[in-house]
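Observations on the model geometry
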Amino acid sequence: MISLAGRDILHAWGKYVLTGLGLGLLIGVTLSMAGIYRGMVDDGKALLANSGADLWVVQQDTLGPYAESSSLHDDVYRALLGMPGVARAANATYFTMQVRKTDEGGGETDVRAMVVGFEPGQPGEPGYLVAGRRITRGHYEAVADIKTGFKVGDNIRIRRDDYTVVGLTRRMVSSGGDPMVFIPLKDAQEAQFLKDNDAILNERARTNANPAFNRPGVPGLAEAVEASQTSNRHVNAVLVQVKAGESPEAVAQEIRRWKHLEAHTVEQMEEILVAKLIATSAKQIAMFLVILAVVSAAIVAFIIYTMTLGKIREIAVLKLIGTRNRTIAGMILQQALGLGLIGFVVGKTAATLWAPVFPKYVLLEPGDAARGFAAIMLICAIASTLAIRAALKVDPAEAIGG
Amino acid sequence: MKETLGISIEGLSKRYGSGDTAVDALKDVNMTVAPGEVVGLIGPSGSGKSTLLKCLGAVIEPSGGRMTLGDDTIYDHGWKIRDLRALRRDRIGFIFQAPYLIPFLDVTDNVALLPMLAGRANGAARQRAQELLEALDVGHRARAQPSELSGGEQQRVAIARALANQPPVMLADEPTAPLDSQRALAVVRILNDMARQYQTAIIVVTHDEKIIPTFRRIYHIRDGRTYEEAGEGRALD
């Protein structure tokens, strides 16, 4: 039996393919939206995996350090090292800011980045480098994610200090998609908490003017207060690795019970990142996906319906000469599915080609593509029902005049 | 199946609507067309020609009367055949005022489609189509698209399509309307040749004064009734 759908498509293939192309670009946007969501989740998981921690110990009743602010004294890690089941513990700070790069020509470029303070050789340091070396000096060296656009040897400014980029890493981004810049912990503490010179002078004057700090018979009190105001002893989290064979959850429970801190396991951190931190973005993307699906369905329905209306006389003749209704319905359905197939191929190709251009990581998973293909075929099949209904209502008598 | 009786209609009627608004489009139609015979069906607009054609083509159901096709009664105050679609496909050929070829099929496939719909293998269906196209002198356009054919060629392909399943009856609805005298007479000649060759009973609905003198028998239809008269049967050669 002749493929009526195939012949009809070949008869006006240019129009059909162009329509498929248009639909394909729409499908490409849909797949990219799904890819953006997957990228956000994957970024979050990569952040956790690359930190090398089993537990994140943060301020009590907080979801820190990524989802909420958290502040701990930087000597807490010592107490944690004494807990049963804890193998390693290290301080870490996280804050997002504009990192300024000084160009060779003297120009300046701002890059939004998450600055991470870490202790070299401890949990929290970048997992691997793609260029350069690790931080070996105690101050003013940085390792940057390649997405910052920095190169080894670049000079960057973080708050008041200049740093030299000595190494580059990859896939180290915040849940918001900002690339990370790793600097030594002490520098990060200063950068995060230290005030500017004017504020320090102002604070010092206020302290000296306060009679409570200048009481007779208590020498050195004002100096001590001033010293505490200009130094910082806080971090955002302590990253803990548990001993082999130990249950992270059991260790976390002990920390919660005895240290009055919050301890999140990897699973809990994933839950925080995926279900809480990017939940709104996920809903936003889901809304876009629904709208795009409806628009795609409407476009396919309109195109197939218009194509069918243009063939009413031929359909009447086909019915008059004895063509089964299911053959005619099959022809329309195949055309709709063909449109979906072209659209999917174009969309998948387009999404794959433009994914690297996106500023955020776009992860196109084969599973999503398969689900997208099934959804497109379903949408096309549903969209064709309107045209099939119209075709089946055609009276074969229309082929005969009068 | 070898048909021996062509088509026969007795007292066929068709009423549209009911009550005060009822319209009797056909009242008492009687007609017999033998195998191999071509008859004309002539009447003014609104006389019931198209309604009769639709009843004969099993497209609409008559309101009363009897209709036999070959040895089979297909209608006797109700359809006697369940699958009207198969009846139209296998035993009735249609030719329309315009050729109405399927624009996305080439000439061969336009003709081969009917045998294929009837379940014949693609190869056999295409061979049958080629034979008919050769017989109708359009074999050389077998791979052409309908849009590439002249009006006369398109109508010949339409005739080939109508004959594809070798139906005992062919209904032609003003098949020469868009053609000039020469081409119109050529089409009638082809219909006569085909009728003889395939023993097909052909009913030609027409207004065309050019071809009316060619019929040996003519049915006039007026106010839903048919009146038979002998035609001139003018030679076509």
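Refer to the structure presented above.
In this report, we go over the structure that sits alongside the text. (Residues numbered from 1 in each chain as written. Chains lettered and ligands numbered in written order. Predicted model: local features only at pLDDT ≥ 70, side-chain atom pairs only at ≥ 80, totals over all residues. Heavy atoms only, no water.)

All right, on to the nonpolar core then. Judged by nonpolar contacts, the single largest core of 117 residues is most densely connected at L12, L52, I159 and I203 of chain B. L48, F118, F182 and I272 of chain A belong to the second largest nonpolar core, which has 22 residues in total. (Core = buried A, V, L, I, M, F, W, Y, C linked by side-chain atoms within 4.5 Å. Buried < 20%, exposed > 50% of the residue type's maximum accessible area, 1.4 Å probe, protein only.)

Residue and element names in this part refer to chain A. This model, assessed by the stated rule, comprises seven aromatic pairs over all chains. Judged by centre distance (5.6 Å) and plane angle (65 degrees), the rings of Y140 and Y163 are edge-to-face. With Y140 in the loop between β5 (131-132) and β6 (141-145) and Y163 in strand β8 (residues 161-169), this pair connects stretches of sequence that are 23 residues apart. Since its relative accessible area comes to 34%, Y140 is described here as partly exposed. Residue class for Y163 comes out buried when judged on its relative accessible area of 1%. (Phe/Tyr/Trp six-rings, centres within 6.5 Å; stacked < 30°, edge-to-face > 60°. Helix = DSSP H or I, 4+ residues; strand = E, 2+ residues; numbered from the N terminus.)

Residues and elements named next belong to chain A. Packing of helix α11 (residues 325-354) against helix α12 (residues 366-392) brings their axes to within 8 Å, and their N-to-C directions diverge by 145 degrees. For the pair α11 and α12, the sense of crossing is right-handed. Here N325, I328, A329, I332, L333, A336, L337, G340, L341, F344 and K348 of α11 come into contact with α12, specifically with A369, G372, F373, I376, M377, C380, A381, S384, A387, I388, A391 and L392. Looking at the contact of α11 with α12, its residues break down into 18 nonpolar, four polar and one charged. (Axes fitted to C-alpha atoms, helices over the stretch in contact; angles between N-to-C directions. Left-handed = near helix turned anticlockwise from the far one by under 90°. Contact = heavy atoms within 4.5 Å. Nonpolar A, V, L, I, M, F, W, Y, C, P; charged D, E, K, R; others polar.)

Before going further, it helps to spend a moment on the packing of helix α9 (residues 279-309) of chain A against α11 of chain A. All names here are of chain A. Look at α9 against α11: their axes get within 10 Å of each other, and the N-to-C directions meet at 140 degrees. On the basis of the axis angle, α9 is oblique to α11. Helix-helix and strand crossings are classified by hand; for α9 and α11 the assignment is right-handed. When α9 is examined against α11, the residues I303, I304, M307 and T308 are found in contact with a partner set consisting of I332, Q335, A336 and L339. Looking at the contact of α9 with α11 residue by residue, the class counts come to six nonpolar, two polar and no charged. (Parallel < 35°, antiparallel > 145°, perpendicular 65-115°, else oblique.)

A positive phi is found at H260 of chain A, a non-glycine position, where the angle reads about 55 degrees. If you trace the backbone, H260 of chain A turns up in the loop between α7 (248-259) and β12 (262-265). Of note, E174 of chain B is a non-glycine position whose phi angle comes to about 45 degrees, a positive value. With respect to the secondary-structure elements, E174 of chain B resides in the loop between β7 (169-173) and α6 (181-198).

On to helix α1 (residues 49-56) of chain B, then. All names here are of chain B. In terms of residue burial, α1 counts as a mostly covered element, since eight of its eight residues are buried. All of the buried residues in α1 are K49, S50, T51, L52, L53, K54, C55 and L56. One or two positions beyond α1, positive phi appears at A58, with a value near 60 degrees.

The values are spatial; any link to function lies outside them.
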